[in-house]
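Structure assessment
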Amino acid sequence: QVQLVESGGGLVQAGDSLRLSCAASGRTFSSYAMGWFRQAPGKEREFVAAISWSGGSTYYADSVKGRFTISRDNAKNTVYLQMNSLKPEDTAVYYCAANPTGWGPTEYEYDYWGQGTQVTVSS
């Protein structure tokens, strides 16, 4: 069982940066690949980024590639999402999730989810 708690969301202007954090409970954090997803109002939840168990491999949605960076600190049981050059279309609730089998973009592969943190980017 893994419990996930996101933090770091907020209201920023276009072009600003934010860093989201996701703290995981339990001693098995390093056994899970981790991902970030987001859901904008009126839209389905979509994949943003994922990182392998050790942090050596990452995977990004095309819409955030070059602007967002996912990282993890297994000693702190935390995964991060550094978001630079934010755009109004990045506005969404951001969720972190834990995947025991891989770091792909498919939601159903992720077993555990946080409650989400709101990111709002004004133009």
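Below, the structure is looked at part by part.

1. Looking at the nonpolar core
The biggest cluster of nonpolar side chains holds 34 residues, and the ones touching the most others in it are Met34, Trp36, Leu81, Met83 and Tyr94. Taken together, the elements giving at least two residues each to this core come down to strand S3 (18-24), strand S4 (33-39), strand S5 (46-51), strand S7 (68-73), strand S8 (78-83), strand S9 (92-99) and strand S11 (117-122). Look past the residues within four positions of leucine 81 in its chain and what remains in contact with it is Leu18, Arg19, Leu20, Trp36, Val48, Ala49, Phe68, Thr69, Ile70 and Tyr94.

2. A word on the state of the cysteines
Under the criterion given, the structure shown has one disulfide. There is a disulfide in this structure between cysteine 22 and cysteine 96, and the S-S distance comes to 1.9 Å. Where cysteine 22 bonds to cysteine 96 through sulfur, the torsion about that S-S bond is close to 45 degrees, and the disulfide is right-handed. With cysteine 22 in strand S3 and cysteine 96 in strand S9, this pair connects stretches of sequence that are 74 residues apart. With a relative accessible area of 0%, cysteine 22 lands in the buried category.

3. A closer look at the sheet that holds S7
Sheet strands associate in pairs through backbone hydrogen bonding, adopting either a parallel or an antiparallel arrangement. As summarised here, the arrangement of the four strands in space is S1-S3-S8-S7, forming an open sheet in which the pairing is antiparallel. Here the strands that pair on one side only, and so sit at the sheet edges, are strand S1 (4-7) and S7. In this sheet, neighbouring strand axes are inclined to one another by 15 degrees on average, regardless of whether the strands run parallel or antiparallel. Pairing of S1 with S3 involves four bridges; the strand directions are antiparallel.

The rules behind these values
- Residues numbered from 1 in each chain as written.
- Predicted model: local features only at pLDDT ≥ 70, side-chain atom pairs only at ≥ 80, totals over all residues.
- Heavy atoms only, no water.
- Core = buried A, V, L, I, M, F, W, Y, C linked by side-chain atoms within 4.5 Å.
- Buried < 20%, exposed > 50% of the residue type's maximum accessible area, 1.4 Å probe, protein only.
- Helix = DSSP H or I, 4+ residues; strand = E, 2+ residues; numbered from the N terminus.
- Contact = heavy atoms within 4.5 Å.
- Disulfide = S-S within 2.5 Å.
- Pairing = 2+ DSSP bridges.
- Axes fitted to C-alpha atoms, helices over the stretch in contact; angles between N-to-C directions.

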